[in-house]
Amino acid sequence: MAFKKISTDRLLGISAMVISILTLVIFIYQTDIMRVQSKLSVKPRLDFTTNQGGNDSLVTFQEVLENKGLGPAIIDSIYYIYQGSHFALDTETFFQQEFPKLLEYGYLSQHSTLGRGTTLTPNEERSLFVYKLPTSKMDSVFEYLSIETIEDVPFLMEVKYTSIYEDELWKVNSNQSVPKKLD
């Protein structure tokens, strides 16, 4: 078998085709990297914070929802979880139904509801409720709830949310600090 000589024109043509195909592959790869970077640059990250304060005669508990991410968080749903059941985020009604003595021991000085579609911008925080009670009734409340510290409350708050791309859904609750991506 004889070896055919490849002409210079043919070699240049094949080289140009190979370079073009490699350029196309690199372009597709870079486009995918830019898409991922764009999504990460607007990724929200919601987190719950419980604040406790007061003075000698009055103790204040505040539950706050904060967006610690880079982009806006669009709320899909938010609710209380108690004994496996889900309750709408209406603190006063929830306390009246499930913990009526809490409203006898203290009072809600502020509570809010967040509906589907509510948007929290980066670094925005929303106070969900502020519960105040006399210091003298603190032990009674802890005994009523069967807890030793405020972190032991028998109910959770949970929120599901998306980014502006609305193709990923995350869930976080008041006793976990890392959001979980839902499929």
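Right, let's walk through the structure included here.

Basis of the calculations
- Residues numbered from 1 in each chain as written.
- Predicted model: local features only at pLDDT ≥ 70, side-chain atom pairs only at ≥ 80, totals over all residues.
- Heavy atoms only, no water.
- Helix = DSSP H or I, 4+ residues; strand = E, 2+ residues; numbered from the N terminus.
- Buried < 20%, exposed > 50% of the residue type's maximum accessible area, 1.4 Å probe, protein only.
- Contact = heavy atoms within 4.5 Å.
- Areas by Shrake-Rupley, 256 points an atom, 1.4 Å probe, with all protein chains shown as cover.
- Phe/Tyr/Trp six-rings, centres within 6.5 Å; stacked < 30°, edge-to-face > 60°.
- Arc of directions from axis to C-beta.
- Pairing = 2+ DSSP bridges.
- Axes fitted to C-alpha atoms, helices over the stretch in contact; angles between N-to-C directions.
- Core = buried A, V, L, I, M, F, W, Y, C linked by side-chain atoms within 4.5 Å.
- Salt bridge = Lys/Arg side-chain N within 4 Å of Asp/Glu carboxyl O.

## Focus on the overall build of the protein chain
Okay, step 1: Helix and strand counts for the protein chain come out as four helices and 10 strands.
Okay, step 2: Helices (α) and strands (β) of the protein chain occur, in sequence order from the N terminus, as α-β-β-β-β-α-α-β-β-β-α-β-β-β.
Okay, step 3: Dimensions of the protein chain, computed from the C-alpha atoms along their principal axes, are close to 100 × 30 × 25 Å.
Okay, step 4: Burial statistics for the protein chain: of 183 residues in total, 34% are counted as buried.
Okay, step 5: Residue pairs at least 24 apart in sequence account for 61% of intrachain contacts in the protein chain once pairs closer than 6 positions are excluded.
Okay, step 6: Accessible area for the protein chain stands at about 11700 Å²; split by element, carbon and sulfur atoms hold 55% of it.

## Regarding the packing of aromatic side chains
Okay, step 1: On inspection of all chains with the given rule, the structure shows 15 aromatic pairs.
Okay, step 2: Between the aromatic rings of Y105 and Y144, the centroid separation amounts to 6.2 Å while the plane-to-plane angle is 70°, which identifies the pairing as edge-to-face. Of the two residues, Y105 sits in helix α3 (residues 102–105) while Y144 sits in helix α4 (residues 138–145), which places them 39 residues apart along the sequence.
Okay, step 3: Put simply, the rings of Y80, Y82, F87, F94, F95, F99, Y105, F129, Y131, Y144 and F155 touch in pairs and so form one group of aromatic residues.

## As for α4
Given 3.6 residues per helical turn, the α-helix brings residues three or four places apart onto the same face.
Okay, step 1: Of the residues making up α4, those classed as buried are M138, V141, F142 and L145. Axial view of α4: buried residues confined to an arc of 95°, hence all on one face. Seen from the buried face of α4, the exposed residues on the opposite side, beyond 90 degrees, are D139 and E143.
Okay, step 2: Taken from the residues just after α4, S146 is the one with a positive phi, measuring 55°.

## Observations regarding the sheet that holds strand β7 (residues 125–134)
Okay, step 1: The strand order across the open sheet built from four strands is β1-β2-β7-β5, with neighbouring strands paired in antiparallel fashion. Unpaired on one side and paired on the other, β1 (46–54) and β5 (107–111) mark the two borders of the sheet. Pairs of neighbouring strands in the sheet enclose a mean axial angle of 15°, with direction left out of account.
Okay, step 2: As judged from the nine bridges shared by strand β2 (residues 58–67) and β7, these two strands associate in the antiparallel manner. Bridge assignment links E66 to a residue of β7, and that residue is E125.

## Things to note about the nonpolar core
Okay, step 1: Within the largest apolar cluster, 35 residues are counted, with the highest numbers of intra-cluster contacts made by L65, L128, Y131 and V159.
Okay, step 2: At the level of elements, β1, β2, β3 (73–82), α2 (91–98), β7, α4, β8 (156–162) and β9 (169–173) are the ones that each hand at least two residues to this core.
Okay, step 3: It is β3 that contributes the most residues to this core, five residues altogether.
Okay, step 4: Apart from the residues within four sequence positions on either side, L128 is in contact with F48, E63, V64, L65, I78, L89, T91, Q110, H111, S112, L114 and M157.

## Some details on the pattern of salt bridges
Okay, step 1: Per the counting criterion, the structure on display carries six salt bridges.
Okay, step 2: Here E124 ties to R126 by a salt bridge, and the two come within 3.0 Å at their closest N and O atoms.
Okay, step 3: Between E168 and K181 there is a salt bridge, with the nearest N and O atoms lying 3.0 Å from each other. Remark: K181 occurs in strand β10 (residues 180–182) and E168 occurs in the loop between β8 and β9; sequence separation between them is 13 residues.

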